[in-house]
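One-letter residues, chain by chain:
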Amino acid sequence: MTPIVEMYRVSVRRGDTHVLHDVTLSIPQGHHTAILGPNGAGKTTLLKLITREIYPLHQPHTRVRLFGRERWNVWELRARFGVVSHELHRGYSDYTRGVDVVLSGFYWSIGTWPHQTFGAAHRRRAREIMRWFGIETLADKRFGEMSTGEQRRCLLARALVHDPEVLILDEPTNGLDLASRFRFLGLVRQLVQQGKTIVLVTHRVDEIIPEIRHVILLKQGQVMASGSKEEVLTAEHLSRLFDVPLTVVQANGYFQVVPAA
C-alpha cells in the first residue's frame, strides 16, 4: 500500500536553528506508528509538515509525499486526517459549546464561525459521535466548565466527525490524571479495532498502546532510529534518546521506563 507519509532529506529552519535536519522516514498505511522524542526534538514541526501547516526548505533533493502525492489541495488532504493535540486544546475559548467543538472538525477550524454552514446531517453526525464517546450531555456545556478529560474527548470527537482515514495524536494525554489517561487510551484502542490508522506523537513511552508496532525516535531534529517496537524501545536506544540511564519494563503490551539501577 502507498505510505501515508514519505519524507526524504527534509529540513526545516526557524531563524538560524535547524528544527528538522535531513529527515528521512516513512509511515506505512495500516501500520500504527509512534513518533517518540524529548521536548524540543521537532515532533510538532514534523506533524505540521504532514498536515501542510508548514513546508520544508526548498532543496533539489528534498521530497515529501503524502498518500503517494507531492501536490495536494490542502483541504482535500486534511479531510483524510483527524488531529488531537495539546496545542489545539489551548486554542479553544472557554465559552465554546461542546457540540461546536465537534462541529468545527468539519472545517478544521478552532470553534465555529458565521460564514460556516452546518446542515442537519452535520449536526446529526456530531451528536452521534458524541453519544458514541459518552459525552452527549456535554453538547451545550461550555468548554471552560468541562474537566480536562471531557475536553479531550470532545477534541477526539472533533477529530473523527468527518470520518478520516488517519488519526494523529500529538501528546494526547498531557494534563490528564491517571484514570482519564487510561480512559482516553482505551477509546483510542477501540478506534484501532474499528480500522483507524493511528500516528502517535509523544514524549511518553507509556502512551504507546499495544497495537502500535512501528516506532520512530526523533532527537534534535533528526531520526535516531526507526523500526519495530521491540527493536527500537530498548534501554540502549531510550537512554541515548533522553540522555539518562534507563531500564525498560513491559506489561500487558505496554512499555515503560524506569531509572537504571
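About the cut-offs
Residues numbered from 1 in each chain as written. Predicted model: local features only at pLDDT ≥ 70, side-chain atom pairs only at ≥ 80, totals over all residues. Heavy atoms only, no water. Buried < 20%, exposed > 50% of the residue type's maximum accessible area, 1.4 Å probe, protein only. Helix = DSSP H or I, 4+ residues; strand = E, 2+ residues; numbered from the N terminus. Pairing = 2+ DSSP bridges. Right-handed = clockwise from strand over helix to strand, strands pointing away. Axes fitted to C-alpha atoms, helices over the stretch in contact; angles between N-to-C directions. Contact = heavy atoms within 4.5 Å. 1 Å grid on protein atoms, 1.4 Å probe; cavity = no way out; pocket = protein on both sides within 12 Å on 5 of 7 lines; lining within 4 Å. Points joined across faces, edges and corners; volume = space filled by probe spheres on them. Nonpolar A, V, L, I, M, F, W, Y, C, P; charged D, E, K, R; others polar. Expected span 1.5 Å × (residues − 1). Arc of directions from axis to C-beta.

Draft legend 1. View of the pairing of strand S6 (residues 166-170). The element S6 is largely enclosed, with a buried count of five among its five residues. Both faces of S6 are covered, namely the face carrying Val166, Ile168 and Asp170 and the face carrying Leu167 and Leu169. Note: strand S5 (residues 81-85) against S6, five bridges, orientation parallel. Within the sheet, the bridge partner assigned to valine 83 lies in S6 and is isoleucine 168. Summarising the sheet, S6 and strand S7 (residues 197-202) pair through five bridges and their orientation is parallel. Its bridge partner being in S7, leucine 167 is matched across the sheet by isoleucine 198. Since S6 and S7 lie parallel, the crossover through helix H7 (residues 178-193) that links them has a hand, and here it is right-handed.

Draft legend 2. Molecular detail of the sheet that holds strand S2 (residues 17-27). Read from one edge to the other, the open sheet built from three strands follows the order S2-S1-S4, with strand pairing classed as antiparallel. Taken across any chain shown, the strands that pair with only one partner, and hence form the sheet edges, are S2 and strand S4 (63-66). In this sheet, neighbouring strand axes are inclined to one another by 30° on average, regardless of whether the strands run parallel or antiparallel. Pairing geometry for strand S1 (residues 5-14) and S4, over four bridges, is antiparallel. Directly across from glutamate 6, in S4, lies its bridge partner arginine 65. Where helix H1 (residues 43-50) meets the sheet, it contacts S1, S2 and S4, and its direction lies at approximately 120° from that of S1.

Draft legend 3. Broad picture of the sheet that holds S7. One open sheet accounts for six strands, arranged S5-S6-S7-S3-S8-S9; its pairing is mixed. Because the sheet does not close on itself, it has two edges, and the strands there are S5 and strand S9 (222-228). Averaged over all adjacent pairs, the angle separating strand axes in this sheet is 15°, with direction ignored. Against the sheet, H1 engages strand S3 (33-36), S5, S6, S7 and strand S8 (214-219), with an angle of about 155° to S6. Packed onto the sheet, helix H9 (residues 235-242) meets S3, S8 and S9 and runs at close to 35° relative to S8.

Draft legend 4. Looking closely at the environment of glutamate 70. As for its placement among the helices and strands, glutamate 70 is situated in the loop between S4 and helix H2 (74-78). Given the relative accessible area of 42%, glutamate 70 is considered partly exposed. Sequence separation of glutamate 70 and glutamate 6 is 64 residues, and the distance between their C-alpha atoms is 9.5 Å. When neighbours within four sequence positions are excluded, glutamate 70 is seen to be in contact with Arg52, Arg63, Val64 and Arg65.

Draft legend 5. Region of interest: the layout of surface pockets. Here the largest pocket is characterised by a volume of approximately 360 Å³. Lining the largest pocket, in full, are Arg52, Tyr55, Pro56, Leu57, His58, Gln59, Thr62, Arg63, Val64, Glu70, Arg71 and Trp72. Looking at the lining of the largest pocket residue by residue, the classes come out as five nonpolar, three polar and four charged.

Draft legend 6. Region of the structure containing H7. Compared with the 22 Å implied by 1.5 Å per residue over 16 residues, the 23 Å span of H7 between its first and last C-alpha is a close match. Those residues of H7 that fall on the buried side of the exposure criterion are Arg181, Phe184, Leu185, Leu187, Val188, Leu191 and Val192. Burial along H7 is one-sided: seen end-on, the buried residues are contained in an arc of 150°. Facing away from the buried side of H7, by more than 90 degrees, are the exposed residues Leu178, Ala179, Phe182 and Gln193. Next to the buried residues of H7 lie S5, helix H5 (120-132), helix H6 (148-160), S6 and S7. Immediately beyond the C-terminal end of H7, within one or two residues, lies glycine 195, with a positive phi of roughly 105°.

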